[in-house]
Amino acid sequence: MDLLVRRCLIPVGLAVAPVGAVISLQGAGLFRMFGAESLLSSLLATAIFREYSPALASVMVAAQAGSSIAARIGTMKVRGQIDALAVMSVDPVRYVVVPGLIACVIVTPLLSVLTTLLGLVSGWFFAVPVMGVDHGSFLANLYAQVSLVDLWVGLGKCMAFGTAVGLIAGFLGLRTTGGATGVGKAANDTVTMTIVLILVADYFVSMLLLRLGV
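Residues numbered from 1 in each chain as written. Predicted model: local features only at pLDDT ≥ 70, side-chain atom pairs only at ≥ 80, totals over all residues. Heavy atoms only, no water.

### Section: unusual backbone geometry
Right, so step 1: Positive phi outside glycine occurs at Ser89, with the angle close to 65°.
Right, so step 2: In this structure Ser89 comes out as exposed when scored by relative accessible area, which is 70%. (Buried < 20%, exposed > 50% of the residue type's maximum accessible area, 1.4 Å probe, protein only.)

Below you can see the structure in the form of C-alpha cells.
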C-alpha cells in the first residue's frame with residue numbers, strides 16, 4: 001500500500017485535477033447562454049464523483065501499480081523464485097499475488113477520494129474566481145446535487161476496478177516466460193488490458209445504474 005500510494009499519488013492528482021477545470025471552463029460558457037451558470041456545480045459534482053474520478057484514478061493505478069506488480073511477480077517467476085516457494089510448500093498466489101491485490105482494492109478508493117477533492121477545488125477555482133459564477137449558488141447546487149449514493153457509486157467502482165488491476169497483474173505476472181523480454185511484456189499487457197477493461201466496464205456499469213435510476 002505504501003509503495004502504491006507513493007507511485008500513484010502525484011500522477012493521479014495531476015491527471016484528475018485539470019478535469020474539474022476543463023468542465024468548469026467549457027460548462028460555464030454553455031450554461032451562461034441559458035442563464036443557468038449556478039447549475040454548473042451540479043454537472044461538475046456528478047461528473048467528478050461518478051465518472052471521472054473513479055475511472056481516472058483506476059487507470060493511473062493500473063498504469064503505475066499494475067505494471068509494477070506484474071513486473072515484480074514476473075521477475076520472481078523467470079528467476080525461479082515462484083517455483084522455489086512452491087517447493088517450500090508456500091502458496092505463491094497467497095504470498096506474492098494477494099498482498100498486491102489487497103493493496104489495489106484499498107488504495108484505489110482512497111486515491112479516488114483525493115482526486116475528487118482536487119477535481120472539485122479546481123472546478124470551483126475556474127468557475128468562481130475566473131468565470132465569475134456566484135460562490136453561494138455554486139456551493140448550494142453542489143450540496144444539493146451530491147448525495148451519499150454518488151459517493152458510494154464512485155467508491156464501489158474503484159474497489160471493483162482495483163480488484164481487476166490486482167488480479168490481472170498477478171495472473172500475467174505468474175504466467176511470465178522468456179526472461180527480461182517476458183517481464184516487460186507482462187507489465188505492458190497488464191496496463192493495456194486493465195485500462196481497456198476499466199473503460200469498457202465503466203460504460204456498462206454507468207448504463208446499468210442509469211437504467212436502475214441510481
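Now, onward.
### Side note on the packing of helix H4 (residues 92–130) against helix H5 (residues 135–145)
Right, so step 1: At a closest axis distance of 10 Å, the pairing of H4 and H5 adopts a crossing angle of 145°. H4 and H5 meet at a crossing whose hand is right-handed. Residues Leu120, Gly123, Trp124, Ala127 and Val128 of H4 form the contact with H5, whose own contacting residues are His135, Phe138 and Leu142.
Right, so step 2: Considered class by class, the residues forming the contact of H4 with H5 number 6 nonpolar, 2 polar and no charged. (Axes fitted to C-alpha atoms, helices over the stretch in contact; angles between N-to-C directions. Helix = DSSP H or I, 4+ residues; strand = E, 2+ residues; numbered from the N terminus. Left-handed = near helix turned anticlockwise from the far one by under 90°. Contact = heavy atoms within 4.5 Å. Nonpolar A, V, L, I, M, F, W, Y, C, P; charged D, E, K, R; others polar.)

### Regarding the UniProt feature "transmembrane region" (unreviewed entry) in the protein
Right, so step 1: Here, UniProt's "transmembrane region" (unreviewed entry) annotation points to residues 12–35, 55–74, 95–118, 124–144, 151–171 and 191–210.
Right, so step 2: Taken end to end, residues 55–74 is 100% helix and 0% strand, and its first and last C-alpha atoms sit 26 Å apart.
Right, so step 3: End C-alpha atoms of residues 151–171 are separated by 30 Å, and the span's content is 100% helix alongside 0% strand. (UniProt positions renumbered as here; feature names shortened; annotations may be inferred.)

### Focus on the pattern of salt bridges
Close approach of charged atoms allows side chains of opposite charge to pair.
Right, so step 1: Tallied over the full model, the rule gives 5 salt bridges.
Right, so step 2: When the shortest N-O distance is used, the salt bridge between Glu51 and Lys157 registers 3.3 Å. Placement of Glu51 in helix H2 (residues 40–78) and of Lys157 in helix H6 (residues 148–174) is noted, with a sequence separation of 106 residues between them.
Right, so step 3: Because the salt bridges share partners, they merge into one network encompassing Glu51, Lys157 and Asp202. (Salt bridge = Lys/Arg side-chain N within 4 Å of Asp/Glu carboxyl O.)

### Observations concerning the side chain of Thr190
Right, so step 1: Here Thr190 is to be found in helix H7 (residues 179–212).
Right, so step 2: The class for Thr190 is buried, based on a relative accessible area of 0%.
Right, so step 3: Ignoring anything within four residues of it in the chain, the contact list for Thr190 reads Gly66, Ser67, Ala70, Ile168, Ala169 and Leu172.

### Digging into H2
Right, so step 1: Taking 1.5 Å of rise per residue, 39 residues should cover 57 Å, and H2 covers 53 Å from first to last C-alpha, within 8% of that figure.
Right, so step 2: The sharpest bend along H2 measures roughly 50° and falls at Ile48.
Right, so step 3: At the exit of H2 stands Gly80, carrying a positive phi of roughly 85°. (Expected span 1.5 Å × (residues − 1). Bend = angle between axes of the 7 residues up to and from the residue.)

### Section: the packing of aromatic side chains
Right, so step 1: Taken as a whole, this structure holds 2 aromatic pairs when the rule is applied.
Right, so step 2: Taking 5.2 Å as the distance between ring centres and 75° as the angle between the ring planes, the aromatic pair formed by Tyr203 and Phe204 counts as edge-to-face. (Phe/Tyr/Trp six-rings, centres within 6.5 Å; stacked < 30°, edge-to-face > 60°.)

### Quick notes on a nonpolar patch on the surface
Right, so step 1: Residues Val5, Leu9, Ile10, Leu14, Leu114 and Leu118 make up a contiguous nonpolar surface patch of roughly 500 Å² in combined accessible area.
Right, so step 2: Of all the elements in the fold, those that place two or more residues in the nonpolar patch are helix H1 (2–33) and H4.
Right, so step 3: Ranked by residues supplied to the nonpolar patch, first place goes to H1 with 4 residues.
Right, so step 4: Inspection of the secondary structure puts Leu118 in helix H4.
Right, so step 5: The class of Leu118 is partly exposed, set by a relative accessible area of 32%. (Patch = residues over 30% accessible without salt bridge, like charges linked within 9 Å, V, L, I, M, F, W, Y side chains within 5 Å. Areas by Shrake-Rupley, 256 points an atom, 1.4 Å probe, with all protein chains shown as cover.)

### So, H1
Right, so step 1: Along its 32 residues, H1 runs 47 Å from first to last C-alpha, staying within 8% of the 46 Å computed at 1.5 Å per residue.
Right, so step 2: Taking the largest bend as the criterion, H1 deviates by roughly 40°, centred on Cys8, and proline Pro11 comes between one and four positions later.
Right, so step 3: Residue Gly35 follows H1 closely and has a positive phi angle near 65°.

### Quick notes on the nonpolar core
Right, so step 1: Grouped together as the largest cluster of nonpolar side chains are 26 residues, with contacts concentrated most on Val12 and Val96.
Right, so step 2: Elements with a contribution of two residues or more to this core: H1, H2, helix H3 (81–87), H4 and H6.
Right, so step 3: For this core, the element with the most residues is H2, which contributes 10 residues.
Right, so step 4: Discounting chain neighbours no more than four positions away, the residues touching Val96 are Arg72, Ile73, Met76, Ile82, Leu85 and Leu174.
Right, so step 5: If you look at the next biggest cluster of nonpolar residues, it comprises 17 residues, including Ala28, Ala36, Ala45 and Ala127. (Core = buried A, V, L, I, M, F, W, Y, C linked by side-chain atoms within 4.5 Å.)

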